[in-house]
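Residue-level structural notes
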6 protein chains.
Amino acid sequence: MRNDLRFQPLDASRSPRFADIATFFRLPRHEVNAEVDIALVGVPFDMGVNYRSGARQGPAAVREASRAIRRIHPTSGIAPFALCNVADIGDAPINPLDMAASIELIQRFYEDLHRSGSVPISIGGDHTVPLPILRAIAKDGPVGIVHFDSHADTLDELLGTRVNHATTFRRAVEETLIDPRRTIQIGLRGSRFSADDVAYGERVGMRLVTMDEFEAIGRDAVIAEIDRVTGSGRTYVTFDIDGLDAAYAMGTGVPEVGGFSVRDAQMMIRSLRGKHLVGADICEVAPMFDPTGQTQLNAANLMFELLCVIADSLAARR
Amino acid sequence: MRNDLRFQPLDASRSPRFADIATFFRLPRHEVNAEVDIALVGVPFDMGVNYRSGARQGPAAVREASRAIRRIHPTSGIAPFALCNVADIGDAPINPLDMAASIELIQRFYEDLHRSGSVPISIGGDHTVPLPILRAIAKDGPVGIVHFDSHADTLDELLGTRVNHATTFRRAVEETLIDPRRTIQIGLRGSRFSADDVAYGERVGMRLVTMDEFEAIGRDAVIAEIDRVTGSGRTYVTFDIDGLDAAYAMGTGVPEVGGFSVRDAQMMIRSLRGKHLVGADICEVAPMFDPTGQTQLNAANLMFELLCVIADSLAARR
Amino acid sequence: MRNDLRFQPLDASRSPRFADIATFFRLPRHEVNAEVDIALVGVPFDMGVNYRSGARQGPAAVREASRAIRRIHPTSGIAPFALCNVADIGDAPINPLDMAASIELIQRFYEDLHRSGSVPISIGGDHTVPLPILRAIAKDGPVGIVHFDSHADTLDELLGTRVNHATTFRRAVEETLIDPRRTIQIGLRGSRFSADDVAYGERVGMRLVTMDEFEAIGRDAVIAEIDRVTGSGRTYVTFDIDGLDAAYAMGTGVPEVGGFSVRDAQMMIRSLRGKHLVGADICEVAPMFDPTGQTQLNAANLMFELLCVIADSLAARR
Amino acid sequence: MRNDLRFQPLDASRSPRFADIATFFRLPRHEVNAEVDIALVGVPFDMGVNYRSGARQGPAAVREASRAIRRIHPTSGIAPFALCNVADIGDAPINPLDMAASIELIQRFYEDLHRSGSVPISIGGDHTVPLPILRAIAKDGPVGIVHFDSHADTLDELLGTRVNHATTFRRAVEETLIDPRRTIQIGLRGSRFSADDVAYGERVGMRLVTMDEFEAIGRDAVIAEIDRVTGSGRTYVTFDIDGLDAAYAMGTGVPEVGGFSVRDAQMMIRSLRGKHLVGADICEVAPMFDPTGQTQLNAANLMFELLCVIADSLAARR
Amino acid sequence: MRNDLRFQPLDASRSPRFADIATFFRLPRHEVNAEVDIALVGVPFDMGVNYRSGARQGPAAVREASRAIRRIHPTSGIAPFALCNVADIGDAPINPLDMAASIELIQRFYEDLHRSGSVPISIGGDHTVPLPILRAIAKDGPVGIVHFDSHADTLDELLGTRVNHATTFRRAVEETLIDPRRTIQIGLRGSRFSADDVAYGERVGMRLVTMDEFEAIGRDAVIAEIDRVTGSGRTYVTFDIDGLDAAYAMGTGVPEVGGFSVRDAQMMIRSLRGKHLVGADICEVAPMFDPTGQTQLNAANLMFELLCVIADSLAARR
Amino acid sequence: MRNDLRFQPLDASRSPRFADIATFFRLPRHEVNAEVDIALVGVPFDMGVNYRSGARQGPAAVREASRAIRRIHPTSGIAPFALCNVADIGDAPINPLDMAASIELIQRFYEDLHRSGSVPISIGGDHTVPLPILRAIAKDGPVGIVHFDSHADTLDELLGTRVNHATTFRRAVEETLIDPRRTIQIGLRGSRFSADDVAYGERVGMRLVTMDEFEAIGRDAVIAEIDRVTGSGRTYVTFDIDGLDAAYAMGTGVPEVGGFSVRDAQMMIRSLRGKHLVGADICEVAPMFDPTGQTQLNAANLMFELLCVIADSLAARR
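Conventions we followed
- The numbering scheme is per chain: residues are counted from 1 as the chain's sequence reads.
- In the order they appear in the text, chains get letters beginning with A and ligands get numbers beginning with 1.
- Thresholds applied to this predicted model are a pLDDT of at least 70 for local features of residues and 80 or more for the giving and counting of side-chain atom pairs; totals over whole chains, interfaces and linings are not thresholded and use all residues.
- Neither water nor hydrogens contribute to the side-chain values; these are computed over all heavy atoms in the structure.
- Under the DSSP-based scheme used, a helix requires at least four consecutive residues in state H or I and a strand at least two consecutive residues in state E, with every element numbered from the N terminus.
- Our radius of gyration looks at C-alpha atoms and nothing else; its globule reference is 2.2 Å times the residue count to the power 0.38.
- Summary of the burial criterion: residues with accessible area below 20% of their type's maximum are buried, those above 50% are exposed, and those between are partly exposed, where the area comes from a 1.4 Å probe applied to protein chains only.
- The contact criterion used throughout is that any non-hydrogen atoms of two residues lie within 4.5 Å.
- Per-residue and other accessible areas follow the Shrake-Rupley method at a 1.4 Å probe size, with only the shown protein chains counted as cover for residues.
- Throughout, a disulfide means two cysteine sulfur atoms within 2.5 Å of one another.
- Here, any two strands with at least 2 DSSP bridges between them count as paired.
- Axes, fitted as lines to C-alpha atoms, cover a helix only where it is in contact. Angles between the N-to-C directions of the axes lie from 0 to 180 degrees.
- Call a crossover right-handed when, viewed with both strands pointing away from you, the route from the first strand across the helix to the second goes clockwise.
- Values labelled buried area give the accessible surface lost by two parts on being combined, using a 1.4 Å probe and summing over both.
- Here, a salt bridge means any Lys or Arg side-chain nitrogen found within 4 Å of an Asp or Glu carboxyl oxygen.
- Polar contacts here mean pairs of N or O atoms no more than 3.5 Å apart (in protein, one a potential hydrogen donor and the other a potential acceptor; neighbouring residues in sequence count only if both atoms are side-chain atoms).
- Ten residues, namely Ala, Val, Leu, Ile, Met, Phe, Trp, Tyr, Cys and Pro, are considered nonpolar, four, namely Asp, Glu, Lys and Arg, are considered charged, and the remaining ones, Gly among them, are considered polar.
- Note that the term roughly parallel is reserved for angles under 35 degrees, roughly antiparallel for angles over 145, roughly perpendicular for angles of 65 to 115, and oblique for everything else.
- Each crossing gets its hand from how the near helix is turned against the far one by less than a right angle, where anticlockwise is left-handed and clockwise is right-handed.
- Aromatic rings from Phe, Tyr and Trp, taking only the six-membered ring of Trp, are treated as a pair when their centres fall within 6.5 Å; an angle between ring planes under 30 degrees marks them as stacked, one over 60 as edge-to-face, and anything in between as tilted.
- Here, a charge over a ring means that NZ of Lys or CZ of Arg falls within 6 Å of the ring centre while also lying within 35 degrees of the ring normal.

Looking only at helices and strands, one finds ten helices and eight strands in chain A. For chain A, whose C-alpha radius of gyration is 18 Å, the value lies close to the compact-globule estimate of 20 Å for 318 residues. The principal-axis extents of the C-alpha atoms in chain A amount to approximately 55 × 45 × 40 Å. Taking all 318 residues of chain A together, 75% fall into the buried category. Partitioning the intrachain contacts of chain A with sequence separation of at least 6 by distance along the chain shows that 78% fall at a separation of at least 24. Within the structure as shown, chain A displays about 8600 Å² of accessible surface, and the carbon and sulfur contribution to it stands at 49%.

Shown next, in the form of structure tokens:
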């Protein structure tokens with residue numbers, strides 16, 4: 001328990017959950033600042049996609065959906081707002097007319113944040129977003145990655161460009177931001193453009209868990225693999241919402257059927273408790289394709305799961 | 001088989017399922033009356049919620065969705081309309097501007113119904129609704145409860161009030177309407193306001209099955225627990241639709257991810273065959289959050305499951 | 001005022017407007033019967049369309065939407081339920097797999113109704129529906145027609161068939177059910193299959209008011225034309241909801257832009273006060289294309305407008 | 001122009017309009033404070049309705065929709081954020097389980113606000129909301145009212161209660177919060193429960209403009225009437241969004257067809273320039289009935305219109 | 001690999017997946033022709049239903065959804081467009097006003113197609129559609145059937161008619177188009193009109209796998225049963241989308257809860273690799289009931305699964 | 001009438017309007033070719049926006065909506081497919097990851113088209129799209145412009161970039177693609193970023209018709225102004241769908257309230273008959289914000305209006 005807890009969600013006994021402005025978990029909107037242990041950030045960038053855009057509206061939608069979340073984790077009992085100073089520090093700056101400039105702006109924002117000592121949990125934006133984040137927070141050495149996704153995002157280029165939502169983790173390996181041998185990709189499936197869409201990861205030593213393997217070995221074995229691959233080193237979690245089965249995630253640019261469930265995702269994230277976690281993101285929530293609100297609700301819930309294990313990780317390290 | 005079957009669904013050979021007024025299962029709309037064995041009732045009360053309202057429109061939506069249901073159960077072969085006189089007796093009276101009066105009005109309506117000898121299957125309304133129902137039908141002694149829900153609804157108070165959708169089953173224990181040792185809660189999960197949100201039930205001897213336990217022991221073991229806990233005594237079933245995984249139930253005030261499936265719900269309800277069932281309800285269906293209609297369809301299907309086991313139970317006791 | 005008023009809408013002080021089963025204006029569901037002055041009927045037939053079906057669900061949707069309507073007309077002060085016995089007599093029978101049989105079934109239902117002395121106000125169903133209605137109620141001699149529509153529905157045949165939603169009023173002329181010289185079509189517009197799509201009406205003496213003329217002469221002049229054309233004879237009103245501008249009526253098989261407004265429709269219907277009205281219908285409401293509910297709400301409101309002038313007409317003739 | 005402008009919308013050159021948290025017009029979220037000239041407030045109270053609830057989510061939806069609004073009025077050239085300190089001061093406190101307490105809480109919140117000297121522009125909530133607001137800000141003497149609505153909201157009671165969304169302006173007259181002779185109601189229409197639903201206003205000297213009169217005399221004449229009735233005294237504006245034609249406002253509890261347009265509303269509000277305006281509200285926006293987002297967008301635009309005339313009014317009085 | 005591959009999907013490097021006209025998998029729209037190995041066809045016929053229509057718009061919706069599919073199967077590595085000439089040959093002709101004529105037109109279209117040597121994969125339309133298809137392609141002798149569905153569709157008649165979506169497979173047996181002993185029905189569930197709704201299939205030797213059995217024996221055992229029942233003979237696959245659990249398929253006329261998942265469907269279809277496949281269809285996709293697009297996306301994905309095993313089957317037989 | 005008419009819409013007597021692939025007006029999909037008189041093109045480019053993207057899906061949606069349009073104009077009697085060879089020539093190429101390259105690709109595509117002699121009618125895409133089109137087709141000298149829009153799109157730069165949807169017509173003037181004195185902008189309104197958002201047009205001699213002026217002088221006077229300003233020279237029509245009142249056009253990136261109606265738009269386009277028209281476009285249709293389909297239906301109807309006057313113009317010049 002921190003002695004100087006400064007940020008608490010709005011008190012539901014005075015301001016019901018439907019009331020007042022929507023911030024992540026109804027926490028205060030704060031600026032980048034050293035007193036923030038865990039910074040909740042939006043990155044409304046969706047210029048890296050080759051199919052349906054719309055993830056620029058993801059952060060707003062997840063903030064709204066996060067009204068539904070209360071304070072304490074039902075299984076672990078973790079009370080993140082009692083362990084750490086957690087705040088909504090708004091959105092990284094973006095220039096929606098200049099892709100390269102946006103990547104730069106995001107990177108600089110996270111560099112400031114990293115210098116301030118906050119651990120970021122981010123809501124994209126498309127899955128290009130982890131690249132500038134990792135450029136900012138993995139400068140000190142490559143991190144391990146727990147990567148939930150239906151796509152490997154390790155192409156060399158897409159439509160002649162090298163920074164986009166399909167190349168992120170190849171760039172990150174090349175830039176030694178991530179350690180491929182400490183990287184595990186979970187949920188791979190979905191039709192492919194060419195036979196070697198996912199081959200790069202295997203080549204550089206990533207652990208790829210396709211949905212076929214996921215089903216064959218079972219979730220507990222996958223959890224063991226996550227543990228084995230990432231070990232005790234610094235680890236970052238990136239969650240493309242299309243890793244979820246399309247029945248849970250139609251509100252995204254490229255929904256893919258036949259994936260894992262939200263329950264699976266919850267259990268895999270919960271298993272990260274005790275890991276040395278340096279940040280996390282959830283990407284590709286596109287609310288205009290989500291008329292039921294289910295995708296954004298799932299993202300808000302998984303963000304809370306991430307927050308709990310990261311708050312616990314930080315508290316344990318104090 | 002009853003000799004004097006009076007109520008049958010509209011004949012689809014003359015009036016197709018999309019035709020004519022929407023009553024529960026296209027049965028006649030009847031008044032409270034001794035010839036009704038099983039009374040299907042709406043309770044359009046949603047003043048007991050602290051987040052999103054809208055369950056007042058639940059009964060209308062479930063009536064409409066119930067057009068899809070036919071006459072005979074595909075697994076058990078139970079033909080409820082051939083076993084019992086089943087009718088739609090409309091909605092309990094409500095004053096949407098006076099919460100306390102509404103609770104009173106509902107209770108009195110169910111007292112009349114109980115006196116007439118009908119067994120009620122109700123569609124809420126929010127999960128405050130079982131309290132006035134139980135006050136009416138459990139006067140003769142406490143009943144056992146099979147309670148499907150993501151939340152325990154056993155707080156002592158919410159926002160300074162003692163009768164609302166979060167306190168129902170605590171009040172019911174205190175008023176000796178239900179026997180906590182014959183009560184089982186299934187599906188608990190969802191973030192909590194405080195660490196002891198669900199503690200009351202444990203303290204008074206309820207059997208709490210969280211989703212973690214549900215998954216750990218499996219559905220068959222949960223079914224065995226339902227049987228063990230409720231035994232042969234008078235038993236009431238209450239189903240908060242948010243007990244279902246949010247993928248099945250976005251059309252509710254507080255959808256919660258990571259729950260059980262409709263198939264699970266069907267199998268658990270089917271397992272109640274042979275029990276001494278005195279009534280049932282399904283609550284918290286809020287159709288304005290259900291653009292696909294899935295939640296209301298699920299409620300209509302689960303209502304039919306409940307109808308089948310209750311009709312069988314009544315027929316067996318004749 | 002009738003002395004023996006038998007049917008009143010549900011009392012909102014006990015059963016709020018969102019409560020209980022949905023009937024037209026929350027009136028009792030009654031069988032065909034001589035004590036019903038005005039019979040509100042659904043005709044869930046949509047087999048006569050060549051583009052998008054779905055009007056089979058129109059009666060259910062308009063019943064639900066009609067919850068919003070109260071008891072007294074705000075402008076005329078007409079209180080229809082105090083003037084006449086008005087009831088929801090359910091839906092005409094349909095065989096959704098046999099078009100010809102359905103037309104027969106509808107006609108026979110309306111013959112019974114006509115014999116009972118009730119004046120029908122119907123909700124279709126597609127715009128084939130007026131044909132069997134007129135066959136039943138215009139046996140005694142042709143009626144005048146006030147026809148609101150974007151299409152003339154006077155083709156000779158469509159796809160080789162002669163009874164469908166595009167030929168209704170040609171058949172009705174040929175069968176001497178309607179008097180073309182006492183027929184006025186209002187709102188014609190929309191692209192055409194061939195140059196003489198609307199020519200038949202002109203040839204037989206109908207008064208055609210295109211949207212161009214509507215705008216040129218103004219609504220008051222159109223109202224004067226309605227009066228002049230229909231005169232004092234027996235008159236039937238048929239309203240294809242696509243007569244409304246698509247901004248008011250997307251929930252229909254073939255929405256057409258550039259039409260008249262609901263306000264225009266209200267004023268034109270109100271102008272019928274004092275006419276000798278023998279029935280009315282509103283057709284082509286297809287709720288699955290109406291996610292906002294606007295089209296069905298418009299239909300419910302226009303049905304109430306029709307009810308008021310018809311109730312007044314009946315009362316005046318007593 | 002104020003010398004000490006403290007609050008500006010987020011700079012779209014760094015934070016695009018889709019980015020960061022949703023506050024009214026992307027202004028800072030501030031607490032009640034004397035330096036705020038115009039306070040934008042949400043009042044998420046919808047317990048005063050007898051039909052469909054949901055306006056509790058109105059403030060959140062209008063904040064989100066207000067992202068679309070820029071800084072300067074296109075016709076008048078008014079630049080409100082350059083004239084006044086305008087801030088989003090969050091939502092008034094509410095207890096969604098206690099109607100009377102909520103009314104109290106709202107009143108006290110506005111009393112604080114009024115003491116601080118801020119002029120409030122509020123987003124409801126249902127149309128009960130103006131009563132506690134007026135109790136707070138009209139203590140010094142009754143104000144004139146410009147009331148846009150399809151309903152008069154001057155019943156004596158509804159369902160046995162005296163404070164609800166149908167009685168607001170009768171209570172306000174009785175409590176001498178408003179001067180009925182300086183009150184004008186615009187847009188009245190919609191079916192009625194009884195013949196004298198709107199009679200009270202006429203009796204006490206309000207000026208009632210039904211839609212029939214609106215159309216008959218034209219918008220310019222209505223604007224002249226607004227000017228004549230309200231004169232130069234302190235005036236409050238209250239806008240029930242169902243005053244708009246249902247084609248513009250399906251996202252509300254009781255949409256009413258045949259009303260005025262958003263353009264009409266804009267022109268009537270613009271005509272208030274130069275008046276002595278002491279506050280304004282827009283009520284009854286229920287976003288779950290608004291899948292296109294049109295109603296909330298309209299509310300955001302009309303809120304900006306109100307802001308412009310109020311900012312100009314304040315600046316002129318300095 | 002074929003030497004003369006003529007048809008390839010649009011090149012996404014020049015025409016992104018959201019661009020240009022929607023054909024199945026963005027393949028060329030071609031006429032019936034001998035050079036087409038696999039013909040993708042729409043059959044927009046929905047006159048055979050007794051509940052909700054709308055499957056006439058299924059082919060258009062699945063074409064649009066199929067933009068999301070790429071070129072290579074992620075698990076099997078099958079590259080169908082590199083194995084066979086696959087083309088979109090448009091829709092079978094229909095007369096939406098004449099059911100019998102439509103059945104004729106469809107049959108003749110498939111006779112032409114069959115003569116040309118193309119193997120058809122069809123998107124319905126309702127589940128009447130397989131009958132005219134089988135009449136065309138099973139003239140040479142009865143085929144085995146893999147039938148995914150929640151309903152058996154083996155009634156003798158429905159509403160007095162013998163050709164409709166509930167009788168298809170009974171007619172097909174009677175006409176010796178299918179071999180009942182080589183027919184397996186998977187996913188049966190859903191309430192029944194009468195006790196022997198599914199009895200016919202059992203009587204003639206079909207293998208019926210209810211959802212209860214599916215769950216009891218497990219998917220792998222069902223796959224073994226599919227293999228055992230169909231053997232090495234000519235086999236046709238028919239997939240009523242309501243075979244999927246309603247959580248995956250609300251966009252259909254009669255969604256049924258408690259079914260199998262898309263993952264289950266994928267694995268069962270993949271197991272058909274190596275079979276002698278003579279065609280396939282997916283029916284009952286009704287997009288107006290599918291606001292999230294999930295059902296149509298599922299259909300597009302399952303169509304690709306079918307395409308892969310059929311392309312492989314054809315290539316293996318060359 | 002052309003002697004060699006090659007392209008006709010699908011014959012609805014064999015292929016109903018809901019059937020087969022969606023092309024513009026169900027015309028053949030053809031390649032760029034000299035025999036095409038009028039080329040219907042999609043330009044799925046939406047990288048030029050600073051608020052909500054999504055217009056990349058506009059062409060697909062308008063193709064689908066154009067199924068509703070028949071062959072002959074109801075007022076003018078123009079039969080475009082009998083006057084000219086009209087075809088859907090697909091979409092201009094785009095690289096969704098490279099804005100500058102996309103502008104180039106579009107320009108080159110239209111240069112080819114222009115060389116082939118076809119007159120283009122395009123569906124965007126955002127309102128950057130007219131710039132590359134004009135660069136291709138206005139090389140021979142500046143054209144006059146009829147510009148329907150709520151925004152002037154004549155900023156000098158937006159977010160540091162000079163080619164985007166807010167600068168199009170300033171660039172076009174600077175590049176002498178358009179003659180500002182022969183340019184008229186109709187429908188201007190909407191809040192502004194700065195006081196001189198629309199000033200550039202006035203400075204260079206464009207005729208700006210704000211909605212205030214539109215209402216003040218009336219539609220007929222605006223039509224006269226269109227005629228006066230454009231005269232007899234080569235004229236291009238560009239229609240930003242947000243020029244329509246938001247009640248007709250929620251399905252766009254920046255809907256603006258208080259605009260003109262679809263009827264107004266129809267009449268203004270019809271008034272262009274006899275002009276020397278060299279092309280037209282409709283931009284900013286974003287279907288994911290259009291759940292009712294109204295915006296896309298409006299675009300399809302206005303596209304038909306444009307087609308009729310352009311076909312007539314071409315035929316007259318032969």
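On to helix H4 (residues 130-137) of chain F. The periodicity of an α-helix, 3.6 residues per turn, causes residues three or four places apart in sequence to face the same way. Of all the eight residues making up H4 of chain F, eight are buried; the element is thus mostly covered by neighbouring parts of the structure. Looking only at H4 of chain F, the buried set comprises Pro130, Leu131, Pro132, Ile133, Leu134, Arg135, Ala136 and Ile137 of chain F.

A full pass over the atoms with the stated rule returns zero disulfides over all chains. Of the cysteine sulfurs around Cys308 of chain A, a residue in no disulfide, the closest is that of Cys84 of chain A, at 10 Å. Note on Cys308 of chain A: relative accessible area 1%, which makes it buried. Left without a disulfide partner, Cys283 of chain F is nearest to the cysteine sulfur of Cys308 of chain F, which lies 20 Å away. Given a relative accessible area of 0%, Cys283 of chain F falls into the buried group.

Okay, the sheet that holds strand S6 (residues 207-210) of chain C next. Residues and elements named next belong to chain C. Sheet architecture is open: eight strands sit in the order S2-S1-S3-S8-S7-S4-S5-S6, paired in parallel fashion. On the outer flanks of this sheet lie strand S2 (86-91) and S6, each paired with one strand and no other. The sheet shows a mean angle of 15° between the axes of neighbouring strands, direction not considered. As judged from the six bridges shared by strand S1 (residues 38-43) and strand S3 (residues 119-124), these two strands associate in the parallel manner. Each bridged residue has a counterpart across the sheet, and for Leu40 the counterpart in S3 is Ile121.

Residues and elements named next belong to chain F. Relative to strand S6 (residues 207-210), strand S5 (residues 178-188) runs parallel, the two sharing four bridges. In the strand pairing of S6, Leu188 is matched with Thr210. A crossover links S5 with its parallel partner S6, the connecting element being helix H6 (residues 199-204), and its sense is right-handed.

It is worth spelling out the interface of chain A and chain B at this point. Taken together, the 29 residues of chain A in the interface contact 25 residues of chain B. Taken together, both faces of the contact between chain A and chain B bury some 2300 Å²; the carbon and sulfur share is 58%. Seen at the junction of chain A and chain B, the total is five salt bridges. For the interface between chain A and chain B, the tally reads ten residue pairs in polar contact (both at pLDDT 80 or more). Mapped by element, the contributors of at least two residues to the side of chain A that touches chain B are helix H9 (262-270) and helix H10 (294-317) of chain A. A class-by-class count of the residues in the side of chain A that touches chain B yields 14 nonpolar, eight polar and seven charged.

All names here are of chain C. Viewed as axis vectors pointing N to C, helix H9 (residues 262-270) and helix H10 (residues 294-317) meet at an angle of 15°, and their least axial separation amounts to 9 Å. Comparing the axis directions of H9 and H10 gives the class roughly parallel. Helix-helix and strand crossings are classified by hand; for H9 and H10 the assignment is right-handed. Along its contact with H9, which presents Val262, Ala265, Gln266, Ile269 and Arg270, the element H10 presents Asn298, Leu302, Glu305, Leu306 and Val309. Residue composition of the contact of H9 with H10, by class: six nonpolar, two polar and two charged.

Following the criterion strictly, the structure yields 42 aromatic pairs over all chains and no others. On the numbers, 6.1 Å between centres and 70° between planes, the contact of Phe148 of chain B with Phe260 of chain B is edge-to-face. Residue Phe148 of chain B is located in strand S4 (residues 143-148), and its partner Phe260 of chain B is located in the loop between strand S7 (234-240) and helix H9 (262-270); the two are separated by 112 residues in the primary sequence. On the basis of relative accessible area, Phe148 of chain B is assigned to the buried category, the value being 0%. On the basis of relative accessible area, Phe260 of chain B is assigned to the buried category, the value being 1%. For the pair Phe25 of chain F and Phe304 of chain F, a centre-to-centre distance of 5.7 Å together with 70° between the ring planes defines the contact as edge-to-face. You can see Phe25 of chain F sitting in the segment before strand S1 (38-43) and its partner Phe304 of chain F sitting in helix H10 (residues 294-317), a full 279 residues away along the chain. In terms of burial, Phe25 of chain F and Phe304 of chain F fall into one category: buried. These aromatic residues form a ring-pair network of at least three members: Phe148, Phe214, Phe239 and Phe260 of chain A. Over the face of the ring belonging to Tyr51 of chain B we find Arg17 of chain A, whose NZ or CZ atom lies 4.6 Å from the ring centre.

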